[in-house]
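Below, each chain spelled out in residue letters.
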Amino acid sequence: MAMWHLTLLGAPTDAGAGLAGAHLGPDALRGAGLAQALRAQGHEVQDLGDLAGPPTPAHEARHGPHHLACVTAWNHAVHDAVAGILAARRLPVLLGGDHSLAVGSISAVARHCRQVGKALCVLWLDAHADANTPATSPSGNLHGMPVACLLGDGPAALTALAGGPAALQPAQLRLVGIRSVDAGEQCYLRQRGLPVWRMPEVRALGMEATMAQVLHGIGAGTHHLHVSLDLDCLDPALAPGVSTPAPDGLGAGAMRQCMDLLAASGAVGSVDLVELNPLRDRNGQTAQLAVDLLRRLSGSA
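All of the points below concern the structure found in this document. Keep in mind it's a predicted model, so treat the numbers as computed, not measured. (Residues numbered from 1 in each chain as written. Predicted model: local features only at pLDDT ≥ 70, side-chain atom pairs only at ≥ 80, totals over all residues. Heavy atoms only, no water.)

### Some details on empty space enclosed by the protein
Consideration 1: Tallied over the full model, the rule gives one cavity of 30 Å³ or more.
Consideration 2: A volume near 30 Å³ is recorded for the largest cavity.
Consideration 3: Considering every element that reaches the lining of the largest cavity, the biggest residue donor is helix 11 (residues 285–298), with three residues.
Consideration 4: Looking at the lining of the largest cavity residue by residue, the class counts come to six nonpolar, one polar and no charged. (1 Å grid on protein atoms, 1.4 Å probe; cavity = no way out; pocket = protein on both sides within 12 Å on 5 of 7 lines; lining within 4 Å. Points joined across faces, edges and corners; volume = space filled by probe spheres on them. Helix = DSSP H or I, 4+ residues; strand = E, 2+ residues; numbered from the N terminus. Nonpolar A, V, L, I, M, F, W, Y, C, P; charged D, E, K, R; others polar.)

Below, the structure written as C-alpha cells:
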C-alpha cells in the first residue's frame, strides 16, 4: 500500500447521545497510542487536536430532537474541518464523540466527491441502523438519526450541510453488523431500499463473503470509500466502552478481517471512529481494540 497522509481530528461531544461519556473518546484514543500505531505502519500522521464547540445543555428539548442547536454547531465545525483536510489532499480520521457527528463529516466528503468527480460509497459499521427521523425516534437522541439525515430526512439544520436535498442516495450506503432496529426504522429501511447486512446474515456468509458483496463494484481509482465505524458494532464482551451496547455483535477476528479487506481495497478515503465511551470501558480495552482496528484499516505502507 502507498503511504497515507492522515489527519486526526477530535470532536469531543456527546450532545447527540442519551448518555454522557463519548466526549472523552478522542483523548482516550490518543492515550491508547493511535497516532503512534499509525506511524508504525509507515504512514504520515498529523493531529489537529480537538475542535471547539458548545457544551451539551443541561436540559433536553421537551419535543423534537434533543440538543439540536448544539449538535448542529458541532456538525458545522466537523464539516468545515473535514472539508479543509480533504482539500489539502489528506485523509481525515474523525475521532468522536457520538455518531451524530457523521452528518458533518460525510456531508463534507459528499461535497468533495462531487468536486473531484469520484463516486462515494459509505460503509456504516454499527449495531444500530441510525435511521430514525424526528417523527419515529423513541428517544429523541440525534445519534440515532444520522443515516436518515444524510438521506435528507431529518432536521433542516442538519440536512442543509450537504448543500442539496440530501448528502447521499440509498444505494451509496452499506449498513453492516446491524442488530438493533426500532419499529420506525424497520419501515424506513424498507421504504428507502437501504442495503443492510444484519448480524445473522453476516454470520451465515462469513466476513470475507460479506465484504465481497459490500465492496462489489468499488474501485480504488474511481471510488471514495468512507468508513463510519461505531464501536458498538463489536460484541460488548470485547468492547464494553460504548454508550449503547447490543449483544451478539461482531467478534474481534471478524472485525480485523473486515479492516484487512477494506485496506486491501485501496478505496478508503476518510474515516469516522465514534462512540467510544471511556466511562464504560474496562482497563481501556475498547480503546486499545479501536487502535488495532485503525492500524489494520490503514495497512502497512
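Okay, back to it.
### Looking at the nonpolar core
Consideration 1: One finds L125, L225, M255 and L262 to be the most contacted residues of the largest nonpolar core, which totals 50 residues.
Consideration 2: Counting residues per element, this core draws most heavily on helix 11, at seven residues.
Consideration 3: Once residues within four sequence positions are removed from consideration, M255 is found in contact with L125, L229, C233, L234, L250 and L293.
Consideration 4: In this structure, V71, V78, C149 and I178 belong to the second largest nonpolar core, which totals 46 residues. (Core = buried A, V, L, I, M, F, W, Y, C linked by side-chain atoms within 4.5 Å. Buried < 20%, exposed > 50% of the residue type's maximum accessible area, 1.4 Å probe, protein only. Contact = heavy atoms within 4.5 Å.)

### Section: the pairing of strand 7 (residues 223–230)
Consideration 1: With eight of its eight residues buried, strand 7 lies for the most part within the structure.
Consideration 2: Side chains H223, L225, V227 and L229 project from strand 7 onto one buried face, and the interleaved H224, H226, S228 and D230 project onto a second face that is buried too.
Consideration 3: Relative to strand 7, strand 4 (residues 119–125) is paired through seven bridges, and the arrangement is parallel. Bridging from a neighbouring strand, W124 pairs with S228 of strand 7. (Pairing = 2+ DSSP bridges.)

Function-wise, these values are silent; they only describe arrangement.
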